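# A closer look at the structure
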Amino acid sequence: DPDPECDGIPNSCDPPSAIKRIGPASMCLGTGDDYAVDVLVNTPTLRMDAGQFKVKWDPEVLRFVGADVGEAPITSIPVTILDQVGGTLFWISSVPAGGTGTLADTRVSTLRFEVVGLFDTCEPREVVVFDPSFDQVIVANGTGASDPDMPTINPVAVRIDNVGPTLTNVPPSITVPADAGAGCFAARNIGTPTVVDSCGSGTTPLTYERSGGGTLADPWPCGVTVVTWIARDQCDRETRATTTVTV
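Everything quoted here is computed from the prediction, not taken from an experiment. (Residues numbered from 1 in each chain as written. Predicted model: local features only at pLDDT ≥ 70, side-chain atom pairs only at ≥ 80, totals over all residues. Heavy atoms only, no water.)

## As for the overall build of the protein chain
Rules: What counts as a helix is a DSSP run of H or I of at least four residues, what counts as a strand is a run of E of at least two, and both are numbered from the N terminus. Contacts between residues were defined by any pair of non-hydrogen atoms, one from each residue, lying within 4.5 Å. For accessible areas, the Shrake-Rupley method is used with a probe of radius 1.4 Å. Any residue's cover is judged against the shown protein chains and nothing else.
Helix and strand counts for the protein chain come out as 0 helices and 20 strands. Across the protein chain, contacts joining residues at least 24 apart in sequence account for 69% of those joining residues at least 6 apart. By element, 54% of the accessible surface of the protein chain is carried by carbon and sulfur atoms, the whole surface being about 12,400 Å².

## Side note on the state of the cysteines
Condition: In this description, a disulfide is simply a cysteine sulfur pair whose atoms lie within 2.5 Å. A simple rule labels every residue: compare its accessible area, found with a 1.4 Å probe on the protein chains alone, to the largest value its type can have, and call it buried under 20%, exposed over 50%, or partly exposed in between.
Applying the stated criterion to the full structure yields 2 disulfides. Across the disulfide, Cys 28 is cross-linked to Cys 235 (sulfur-sulfur distance 2.1 Å). Its S-S torsion of about -85 degrees marks the bond between Cys 28 and Cys 235 as left-handed, since a negative value means left-handed. Within this pair, whereas Cys 28 is found in strand β2 (residues 28–29), its partner Cys 235 is found in the loop between β19 (224–232) and β20 (238–246), the two being separated by 207 residues in sequence. Of the two residues examined, Cys 28 and Cys 235, each falls in the buried class.

## Observations concerning the environment of Asp 58
In plain terms, the rule: A 3.5 Å cut-off defines polar contacts: any pair of N or O atoms within that distance qualifies, except that in protein one atom must be a possible hydrogen donor and the other a possible acceptor, and neighbouring residues in sequence count only when both atoms are side-chain atoms.
Its location among the elements puts Asp 58 in the loop between β4 (50–57) and β5 (62–69). Exposure remark for Asp 58: the relative accessible area of 22% places this residue in the partly exposed category. The sequence separation of Asp 58 and Val 129 amounts to 71 residues, and the corresponding C-alpha distance is 9.6 Å. At 2.9 Å, the side chain of Asp 58 forms a polar contact with the side chain of Arg 125.

## Some thoughts on the nonpolar core
Rule in force here: Among the buried residues, those of types Ala, Val, Leu, Ile, Met, Phe, Trp, Tyr and Cys that are joined through side-chain atoms within 4.5 Å form a nonpolar core.
Membership of the largest hydrophobic core comes to 31 residues, with the highest contact counts inside it found for Tyr 35, Val 55, Leu 62, Leu 111, Phe 113 and Val 128. Of all the secondary-structure elements, those providing two or more residues to this core are β3 (34–41), β4, β5, β7 (88–94), β8 (106–115), β9 (128–130) and β10 (137–140). With residues near it in sequence (within four places) discarded, Leu 111 still touches Tyr 35, Ala 36, Val 37, Val 39, Val 55, Phe 64, Gly 66, Ala 67, Leu 89 and Trp 91. Of all hydrophobic cores here, the second largest spans 13 residues; its members include Leu 167, Trp 220, Ala 231 and Val 245.

## Observations concerning the environment of Asp 131
Mapped onto the elements, Asp 131 comes out in the loop between β9 and β10. For Asp 131, the contacting residues outside a window of four places in its chain are Lys 54, Val 55, Lys 56 and Gln 136.

## Considerations on the pattern of salt bridges
Working definition: two side chains of opposite charge can pair if their charged atoms are close together. Rules: Each salt bridge in this description consists of a side-chain nitrogen of Lys or Arg and a carboxyl oxygen of Asp or Glu lying within 4 Å of one another.
According to the stated counting rule, one finds 11 salt bridges in the structure shown. For Lys 54, the salt bridge identified is with Asp 131, shortest N-O distance 3.5 Å. Separated by 77 residues along the polypeptide, Lys 54 in strand β4 and Asp 131 in the loop between β9 and β10 bring together distant segments of the chain. In this structure Lys 54 comes out as partly exposed when scored by relative accessible area, which is 22%. Looking at Asp 131, the relative accessible area reads 6%, which means it is buried. Between Arg 240 and Glu 209 there is a salt bridge, with its nearest N and O atoms 3.9 Å apart. Taken as a pair, Arg 240 in strand β20 and Glu 209 in strand β17 (residues 206–210) lie far apart in primary sequence, 31 residues in all. One connected set of salt bridges, linked through shared partners, spans Glu 209, Arg 232, Asp 236, Glu 238 and Arg 240.

## Considerations on the packing of aromatic side chains
Note the cut-off: Under the pairing criterion, centres of Phe, Tyr and Trp rings, with the six-membered ring standing for Trp, must be within 6.5 Å; the plane angle then separates stacked pairs below 30 degrees from edge-to-face pairs above 60, leaving the rest tilted. Placement of a charge over a ring requires the Lys NZ or Arg CZ to be within 6 Å of the ring centre, with the centre-to-atom vector within 35 degrees of the ring normal.
By the definition in use, this model includes 6 aromatic pairs. Ring geometry for Trp 57 and Phe 64: centres 5.8 Å apart, planes at 25 degrees, overall stacked. When sorted by exposure, Trp 57 lands in the same class as Phe 64, which is buried. Here Phe 64 and Phe 113 contribute two aromatic rings whose centre-to-centre distance is 5.6 Å and whose plane-to-plane angle is 70 degrees, an arrangement assigned as edge-to-face. Residue Phe 64 is located in strand β5, and its partner Phe 113 is located in strand β8; the two are separated by 49 residues in the primary sequence. Put simply, the rings of Trp 57, Phe 64 and Phe 113 pair up and form one aromatic cluster. In this arrangement the basic side chain of Arg 210 is found over the ring face of Trp 220, its NZ or CZ atom lying 4.0 Å from the centre.

Right, dumping it as structure tokens:
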């Protein structure tokens, strides 16, 4: 939860530096999804003309696609050293030659990845992190000064979930006569499906919609009533099935 003491105070609680996830909107990823992180430097301790950074990722989960330049004045990436197999990237973000740095909060680059993992992790995990064995450094070229002790904060954890929920044992559609002496209704217990999900069976909720309203315990009126079963998992993947009751 945001610190209430920070409300209305710009940048007062921003970390000194951060890698920030910028997409997708969901905290869930699946094979083929694009995944991007902003690399931010907040409240730099000196006029930042350049920065040296290194991140690492799980190459069984992500494939590096590219690094985009940051926002003015940090609009150049003159050096990148990529190890796609090992899952590391070293790069320098800087002002263009002859440019002047900044003391403002700045996005120094955006890193783009593609999800290649075919397996489910289910539990949230950090998939891109600052390399803890490397000192992230910002540099003021005009003075030669540098800050090699820049604190870092990794992006939020995400869940790898490639498979949505499955509905099994869906009640079959039925045709039944109206109950004698009860008007044009039939009382029947049609049962409910079972939800199977690779990430959280038993925690994936099952809901339903009954045409004409009512609950499963209510009698079924003469005519056709359609029950739509809905299972939605933690990654907001939805599966539907239907059962028709004809009286």
